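Commentary on secondary and tertiary structure
These are the residues of each chain, in order.
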Amino acid sequence: AKIDYKKADFYLKKAIDKNSAEAKFSLGRNIVEGWSCIQDYDLAISLLEESWKEYPDAYYCLGNLYNDTQKGKYNPQLALEYFQQAAQAGSELAQDELENLKDVINQSFMSKDEILKIAIEQLVTPNYKEGFETVKKFAEEGDAKAQYHLGMIYYEGKILPGNRGMAYEWFKKAAAGGDAEAQCKMGDIYYGGDGNETINKNAVQAAMYYEMAAMQD
């Protein structure tokens, strides 16, 4: 049967007028979840804040509200705080959500270098797609180490179809950014050529890149 949200809103508001914590939680949850004709998230926040002591899932609902990028309240740090408080108060839904978010939570306390190291290790595992997306993101943000490894992905052609032209572009960016591995790789390429006439042998260029790498030691 089709749910009559308008009628549900009407009866919940009548119960709220009598200070029903259950009705406050229900209406607040319904607004957050889109099960209401009311689209007032500030009202939902107020109702859920008022009812959370009796209904710990109220803070789980607030966590969902702040974790949703489409509702104008997006605040992942605040969402995490609400999930944690709800879980501590006994909300099984919040406990399950925290378990689902544990990788994200762990990453929030990790340095960029640590996250990149894990992503690079993932490239040779069944989770290579996740690792690739992280490496690509960091490379596009200008991280020289990530740029080198993205170049290797295109160079080796294991995860993606090989593309030497793309590989060299990323190697050059990484080398310019000070990555010694990329500098050595460019030296090797210019020293031996790539065999596909993308880059011709050039002893001067090779020596330049080798010298740049040597200066890193």
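Just above sits the structure.
Throughout what follows, the structure given in this document is the object of discussion. None of the values given here were measured: they were computed from a predicted structure.

All right, on to the overall build of the chain then. Along the backbone of the chain there are 13 helices and zero strands. Overall, the chain shows an N-to-C arrangement of helices and strands of α-α-α-α-α-α-α-α-α-α-α-α-α. Computed over C-alpha atoms, the radius of gyration of the chain comes to 27 Å, more than 25% over the 17 Å expected from 2.2 N^0.38 for 217 residues, which places it beyond the range of a compact globule. Counting only C-alpha atoms, the chain reaches 85 × 35 × 30 Å along its principal axes. Within the chain, the fraction of its 217 residues that count as buried is 39%. For the chain, the distance from the average site of its 24 positive side-chain charges to the average site of its 35 negative ones is 6 Å.

Taking 1.5 Å per residue as the helical rise, helix 10 (residues 144-156) with its 13 residues ought to reach 18 Å, and the 18 Å between its terminal C-alpha atoms agrees with that figure. Counted residue by residue, helix 10 has 10 buried out of 13 residues, so it is predominantly covered. Those residues of helix 10 that fall on the buried side of the exposure criterion are Ala 144, Ala 146, Gln 147, Tyr 148, His 149, Leu 150, Gly 151, Met 152, Ile 153 and Tyr 154. Its side-chain oxygen placed 3.1 Å from the backbone nitrogen of Lys 145, Asp 143 serves as the N-cap of helix 10. Trailing helix 10 by a residue or two, Gly 157 shows a phi angle of about 65°, which is positive.

On to the side chain of Gln 183, then. Looking at the element boundaries, Gln 183 is found in helix 12 (residues 180-192). Residue contacts for Gln 183: discarding those within four places in its chain leaves Ala 175, Gly 178, Tyr 209, Met 212, Ala 213 and Gln 216.

Its identity is not glycine, yet Asn 19 carries a phi of approximately 65°, on the positive side. For Asn 19, the position within the fold is in the loop between helix 1 (5-17) and helix 2 (21-33). Overall, the relative accessible area of 56% leaves Asn 19 in the exposed class.

Close approach of charged atoms lets side chains of opposite charge pair. All chains considered together, the criterion is met by eight salt bridges. With a closest N to O distance of 3.7 Å, Lys 112 and Glu 141 form a salt bridge. With Lys 112 in helix 8 (residues 112-122) and Glu 141 in the loop between helix 9 (128-140) and helix 10, this residue pair connects regions lying 29 residues apart in the sequence. By relative accessible area, which is 36% here, Lys 112 ends up partly exposed. Of the residues examined, Glu 141 reaches a relative accessible area of 47% and is grouped as partly exposed. Between Glu 141 and Lys 137 there is a salt bridge whose closest N-O contact spans 2.8 Å. Lys 137 sits in the partly exposed class, given a relative accessible area of 45%.

Here the structure, examined in full by the defined rule, presents 11 aromatic pairs. Both rings, one in Phe 10 and one in Tyr 11, keep their centres 5.2 Å apart while their planes meet at 80°; by these two values the pair is edge-to-face. Judged by its relative accessible area of 45%, Phe 10 falls in the partly exposed class. Note on Tyr 190 and Tyr 209: the rings are 5.9 Å apart at their centroids and 10° apart in plane angle, and the pair reads as stacked.

For Asp 42, the location among the structural elements is in helix 3 (residues 41-51). Expressed as a C-alpha distance, the spacing of Asp 42 and Lys 137, which sit 95 residues apart in the sequence, is 35 Å. Side chain to side chain, Asp 42 and Lys 73 meet in a polar contact 2.6 Å long.

Conventions adopted
- Residues numbered from 1 in each chain as written.
- Predicted model: local features only at pLDDT ≥ 70, side-chain atom pairs only at ≥ 80, totals over all residues.
- Heavy atoms only, no water.
- Helix = DSSP H or I, 4+ residues; strand = E, 2+ residues; numbered from the N terminus.
- Rg over C-alpha atoms; globule rule 2.2 N^0.38 Å.
- Buried < 20%, exposed > 50% of the residue type's maximum accessible area, 1.4 Å probe, protein only.
- Lys, Arg positive; Asp, Glu negative; His and termini not counted.
- Charge placed at Lys NZ, Arg CZ, Asp CG, Glu CD.
- Expected span 1.5 Å × (residues − 1).
- Polar contact = N/O pair within 3.5 Å; in protein donor to acceptor, adjacent residues only side chain to side chain.
- Contact = heavy atoms within 4.5 Å.
- Salt bridge = Lys/Arg side-chain N within 4 Å of Asp/Glu carboxyl O.
- Phe/Tyr/Trp six-rings, centres within 6.5 Å; stacked < 30°, edge-to-face > 60°.

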